Amino acid sequence: MRQRFSTVARVFLLFILLNAVQAVAQSSRAALHVPKTAVSVVKENIHGVEIADPYRWLEDQNSPQTRAWIDAQNAYTDSVMARVPDREAARRQVGAMLKIDTANLAIASNGRYFFTRRPAGADQAMLYMRRGLTGKDELLVDPLALNPQHTTSAIINAVAGDGSLMIYSLRQGGEDETTPHLFDVAAHKDLPEKFPRARYSGIAILPDKSGAYVTRLTREGPRVFLHKFGKGSDAETVVFGEGYGPEKIITSGISSDGHYLAVVVSHGAAAIRTEVYVKDLKGDGPMVTIVNDLPAVFMVGGGGGASGPTIGGGKLFLRTNWNAPRWRVLEVDLKNPARDHWREVIPQGESVLEGLSLAGGKLLVTMTRNVVPHLLLYDTTGKLAHEIDPPALGNLSAIRGNWESDELFFTFASFHIPPTIYRYSVATGKQEVWFQSKLPLQADRYEVKQVWYPSKDGTKIPMFLAYAKGLKLDGSHPTLLTGYGGFNLASGGVWALANLRGGSEFGEAWHHAGMLEKKQNVFDDFIAAAEWLIGNKYTSPEHLAIRGRSNGGLLMGAALTQRPDLFAAVSCGYPLLDMVRYQKFLVARYWVPEYGSSDDPAQFKYIYAYSPYHHVKKGGKYPAVLFTTGDSDTRVAPLHARKMTALLQAATGSGKPILLHYDTKAGHAAGAPVSKEIEDFGNEMAFLMWQVKK
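The residue count restarts for each chain, going from 1 along the sequence in the order it is written. This being a predicted model, a pLDDT of at least 70 is required before a residue's local features are given, and a value of 80 or more before pairs of side-chain atoms are given or counted; all residues contribute to the totals for chains, interfaces and linings. Side-chain metrics rest on all non-hydrogen atoms present in the structure, leaving aside hydrogens and water.

### So, the nonpolar core
- Among buried residues, the Ala, Val, Leu, Ile, Met, Phe, Trp, Tyr and Cys ones that are joined through side-chain atoms within 4.5 Å form a nonpolar core. Each residue gets one of three labels from its accessible area relative to the maximum for its type: buried under 20%, exposed over 50%, partly exposed in between, using a 1.4 Å probe on protein chains only. By size, the foremost hydrophobic cluster in this structure holds 67 residues, and its most contacted members are Met 463, Leu 481 and Phe 627.
- In this analysis, two residues are considered to be in contact whenever any of their non-hydrogen atoms come within 4.5 Å of each other. Among all residues touching Phe 627, those that are not within four sequence positions of it are Cys 572, Leu 577, Ala 641, Met 644, Thr 645, Leu 648, Ile 658, Leu 659, Leu 660 and His 661.
- Core analysis: the next-biggest nonpolar cluster, separate from the first, contains 30 residues, Met 81, Leu 497, Ala 569 and Ile 678 among them.

### Describing the pairing of strand β10 (residues 178-184)
- Summarising the sheet, strand β9 (residues 165-172) and β10 pair through seven bridges and their orientation is antiparallel. Of the residues in β10, the one forming a bridge with Met 166 is Phe 183.
- We call two strands paired when DSSP finds no fewer than two bridges between them. Helix and strand assignments come from DSSP, with helices taken as H or I runs of at least 4 residues and strands as E runs of at least 2, each series counted from the N terminus. Turn length for the β9-β10 hairpin, with the two strands adjacent in sequence and antiparallel, is five residues, and the turn residue Gly 173 shows positive phi of about 60°.
- Direction of pairing for β10 relative to strand β11 (residues 189-190): antiparallel, over a ladder of two bridges. Bridging across to β11, Phe 183 finds its partner in Asp 190.
- Here β10 hands over to β11 after four residues, with His 188 in that stretch at a positive phi of 55°.

### Points about the sheet that holds strand β29 (residues 394-401)
- With respect to topology, four strands assemble into an open sheet ordered β29-β30-β31-β32, the strand pairing being antiparallel. In this open sheet, the two strands that pair with only one neighbour each are β29 and β32 (431-436). Geometrically, the sheet is characterised by an average inter-axis angle of 25° between neighbouring strands, direction not taken into account.
- Both strand β30 (residues 407-414) and strand β31 (residues 420-425) contribute to a ladder of six bridges, which runs antiparallel. Note on β31: the bridge partner recorded for Phe 410 is Tyr 422. For helices, the fitted axis covers only the stretch in contact; all axes are lines through C-alpha atoms, and the angles between them, taken along N-to-C directions, range from 0 to 180 degrees.

### Examining the packing of helix α5 (residues 520-535) against helix α6 (residues 551-562)
- The interhelical angle for the contact between α5 and α6, taken along N-to-C directions, is 65°, at an axis separation of 10 Å. The angle between α5 and α6 falls in the class roughly perpendicular. Like other packed secondary-structure pairs, α5 and α6 cross with a definite hand, here right-handed. In contact with Gln 520, Val 522, Phe 523, Phe 526 and Ile 527 of α5, α6 contributes Leu 554, Leu 555, Met 556, Ala 558, Ala 559 and Gln 562.
- Just so you know the grouping, Ala, Val, Leu, Ile, Met, Phe, Trp, Tyr, Cys and Pro go in nonpolar, Asp, Glu, Lys and Arg go in charged, and all remaining residues, Gly too, go in polar. Grouping the constituent residues of the contact of α5 with α6 by class yields nine nonpolar, two polar and no charged. Here the word oblique covers every angle except those under 35 degrees (roughly parallel), over 145 (roughly antiparallel) and from 65 to 115 (roughly perpendicular). Handedness of a crossing is defined here by the sense of rotation of the near helix relative to the far one, left-handed for an anticlockwise turn of less than a right angle and right-handed for a clockwise turn.

### A word on the environment of Ala 385
- Mapped onto the elements of the fold, Ala 385 is located in strand β28 (residues 384-388).
- The exposure class of Ala 385 is partly exposed, given its relative accessible area of 43%.
- Linking Ala 385 and Lys 362, residues 23 residues apart in sequence, is a C-alpha distance of 8.5 Å.
- For Ala 385, the contacting residues outside a window of four places in its chain are Lys 362, Leu 377 and Tyr 378.

Take a look at the structure:
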């Protein structure tokens, strides 16, 4: 649920879009016919509090009544959006920004590079392989050929050490569930290997290519399987996970030298405790417990066979918050893994140690100082070897390398620089562009700065602002405020990213200050950001829009119910909103360590105090709201957006539209075709600008 940056396309789309719709004018707000929603109140007493739920019936996603309601809501939304001026102009601008060449990090294997790339104008990314740094890109898998609606997407899971085999997965719509496929690279074709459609969290091909370790969620809980190729229905045996329930998350991966399998058990998505186990594959040893009894988090790097766990030279490098709220790195000798032999390699410092990878026999560490990331190389003694200099202030992400190889790849994006993939030599320090998206940006027109503002309790919160140079502070500018998001600018407008408590920007203390009973701090921080922008005359309530997705959707729900007077428009996507019942649906039990659960009397008290669905007031002057969700969201149940739409439509006294865009083929995860993103994102931006431009 936690995320800091949006997808590459959306990061830079907002960068331009507010300027693109300068011609948008306020049209008539005469209300069209809002669909009537049947009320069927369900009352229950929870820990002594009587709660009335008038739209419980909308939780049944497949009932004829719910499907008819969805159709009526979509028709209503379409009729309202048809009246939004310059909507087509917004879509054209979105199209210009999205119909560009994009790519993801390469997986290097035996002189071959495997990566996904979406050519300009294509609806989905395709899977490619390049022989050598300057070789020709060979198309391996084209998901566009598999589905005429272009709603099937493909990702690379794992590549064999010699580059001859690849496992890739297909995703339908935006589901979290995928179906893996085994691919013969030389023959450019799938092999007749069967994997079930499921939620996977680790796929790695064995060094001898006889099979793969796969980790997926089953009905009983997550399990690690040894999948032997060519064995049909007898292909799989469980090697780890028995006894763990579906509230646990298990990830796995094989070290880049093929020597070790590492397994991590997380006690929820926002775990305050993890377990780490390692198996010696060369010696066919037992699963060895590294740690399973400490109230702390231990991270062992990437899984899924792409980057693998942080194991090199027979040592396991753990990134942990054990006795280190800003994190540190410990070394475990896998020939003698007892805790009293662990060694601290990189101690906790003033910066937050947010990431750890291995490359060229070095430790590649991401440090965050005041929300600005830095990439540093350390040797195994803990000595700083080199700091990798990014081209400007921005975000370093998606880092990939391995212990045996001199090269590493990382992605950089900034407020004014499009996403760029760099290849870096550990030995020489040479850095070169591997790939860069081409966007029509005029970087010198914009100004970016970081400000600090006080929250309700006096805590100083950082916020990034981006706007055209020479902006006059008179409170008249359309402004988009988010608690997530990427770096985007607006000519004539302002973009703001508040780094709220609950995130990882300043370590575990910052995270814990915004979870469980302290979740209200997150909402207070966001509301204070809006007040600061208004008080400093960047904008005013009638010009202020807010946007959030997933956990950010919960933030939007809390903001609009607690301070509806501050905002003109809200875009709320794939949200959690009924926090009293959220843990009962899909995989939401993962998030109980973060939010708590109403099943617990003490936790119910603070959850109920902010749950957006339970704080909508009849006659409240609510801002215009666009809810977005879809049938294929198998992560956050779409029922939250359905119920909240019905409740707000019945309650609002502002006369402003409350709309639901409900996609019957889309979901939470990536995978929508670009043509659909253009339509939907263009509509979203046009809606927000319609409301904030006077």
